[in-house]
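Summary of structural features
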Amino acid sequence: MLYFIRHGQTDWNAQRRIQGITDIPLNNRGIFEARLAANEVSKIKWDRIISSPLSRAYQTAEILNQRIGLQIETDDRLAELNLGNLEGKSLSLLTPRMWEILGKEPQKIKAEGLPAAYDRIGDFMQTFDFSKNTLIITHSGLFRVVAYYMQKPNGFNYDAFSPRYRDLGIPNTTLIPVKPIDLDFLRGMKYNTQNSKG
């Protein structure tokens, strides 16, 4: 089974600023959240632990790994979306129109874009043996793309992505099991257009 967990809180999360690939570390609350999550992850026997290389994710992985005891792997494909000119700015700028730009015309804001993130997460997901318990520490924006990919692995289409996947609320340090092309957990997740990005 593949399990995803979002990193703990950062100051930019608390300030409702867009992070993207800007490398912001955990704040004290984020460290506390990761320690609480470590109690939950310790109940599962893990085969691998893989983290985004961004410090907020890797710090979370280090704290979780205190209860797991494996070598932490990193993979650039798990990094948050590069959000270009939006990074550091208010989360309020992530309007439905801005999401559409990310999905269809990311070059307008010098961003990576959702289709490129879809391609890299598809490449990543195809490498897995789902019979092994793998813990993946990543980001909310990328996880939205993971959720979409697992339902629609045959190519990215923004009109199918929005609003269902765009508006997923993904709390910090929530453990989410993912089965191949079977995202039953989506039915229980809250939709929240104000969710922190990154």
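Everything in this summary refers to the structure shown in the same document. (Residues numbered from 1 in each chain as written. Predicted model: local features only at pLDDT ≥ 70, side-chain atom pairs only at ≥ 80, totals over all residues. Heavy atoms only, no water.)

**Describing the sheet that holds strand β3 (residues 72-74)**
Whether parallel or antiparallel, the strands of a sheet pair through hydrogen bonds between backbone atoms. Here we have five strands laid out as an open sheet, ordered β3-β2-β4-β1-β5, and mixed in their pairing. Of all strands in the sheet, those with a lone pairing partner are β3 and β5 (175-178), marking the two edges. This sheet shows a mean twist of 25° between the axes of neighbouring strands, independent of strand direction. Where strand β1 (residues 2-6) meets strand β4 (residues 134-138), five bridges bridge the pair, whose relative direction is parallel. Looking at the pairing, R6 lines up with T138 of β4. (Pairing = 2+ DSSP bridges. Helix = DSSP H or I, 4+ residues; strand = E, 2+ residues; numbered from the N terminus. Axes fitted to C-alpha atoms, helices over the stretch in contact; angles between N-to-C directions.)

**A look at unusual backbone geometry**
Omega for the peptide link from S162 to P163 comes to 0°, which places this bond in the cis form. Relative to the assigned elements, P163 resides in the loop between α7 (158-161) and β5. Within the chain, R16 stands out as a residue other than glycine whose phi angle is a positive 60°. Looking at where R16 falls in the secondary structure, it is placed in the loop between α1 (11-14) and α2 (28-41). Phi angles above zero are rare outside glycine, and T173 is one such case at about 55°. Mapped onto the elements, T173 comes out in the loop between α7 and β5. Judged by relative accessible area, T173 falls into the buried class, the value being 15%. (Buried < 20%, exposed > 50% of the residue type's maximum accessible area, 1.4 Å probe, protein only.)

**Thoughts on the pairing of strand β2 (residues 48-51)**
As defined by bridge partners, β2 adjoins β4 across four bridges and the pair is classed as parallel. Among the inter-strand pairings, I49 is bridged to a residue of β4, identified as L135. Relative to β3, β2 runs parallel, the two sharing three bridges. Along β3, the bridge assignment pairs I50 with E73. Between the parallel pair β2 and β3, the chain is carried across by helix α3 (residues 55-65), and the sense of this crossover is right-handed. (Right-handed = clockwise from strand over helix to strand, strands pointing away.)

**Some thoughts on the side chain of D75**
Residue position: D75 is located in the loop between β3 and α4 (96-104). Of the residues examined, D75 reaches a relative accessible area of 15% and is grouped as buried. Excluding residues within four positions of it along the chain, D75 makes contact with I50, S51, S52, P53 and F124. (Contact = heavy atoms within 4.5 Å.)

**Regarding the packing of aromatic side chains**
The final tally for this structure, using the stated rule, is 13 aromatic pairs. The rings of W99, Y118, Y148, Y149, F156, Y158, F161 and Y165 are connected pair by pair, giving a single aromatic cluster. (Phe/Tyr/Trp six-rings, centres within 6.5 Å; stacked < 30°, edge-to-face > 60°.)

**A word on the pattern of salt bridges**
Inspection of every chain in the model, using the stated rule, returns 12 salt bridges. We note a salt bridge from R77 to D123, for which the minimum N-O separation is 2.6 Å. One end of the pair, R77, is in the loop between β3 and α4; the other, D123, is in helix α5 (residues 114-125), with 46 residues separating them in the sequence. The salt bridge partner of K104 is D159, with a shortest N-O separation of 3.5 Å. Within this pair, whereas K104 is found in helix α4, its partner D159 is found in helix α7, the two being separated by 55 residues in sequence. (Salt bridge = Lys/Arg side-chain N within 4 Å of Asp/Glu carboxyl O.)

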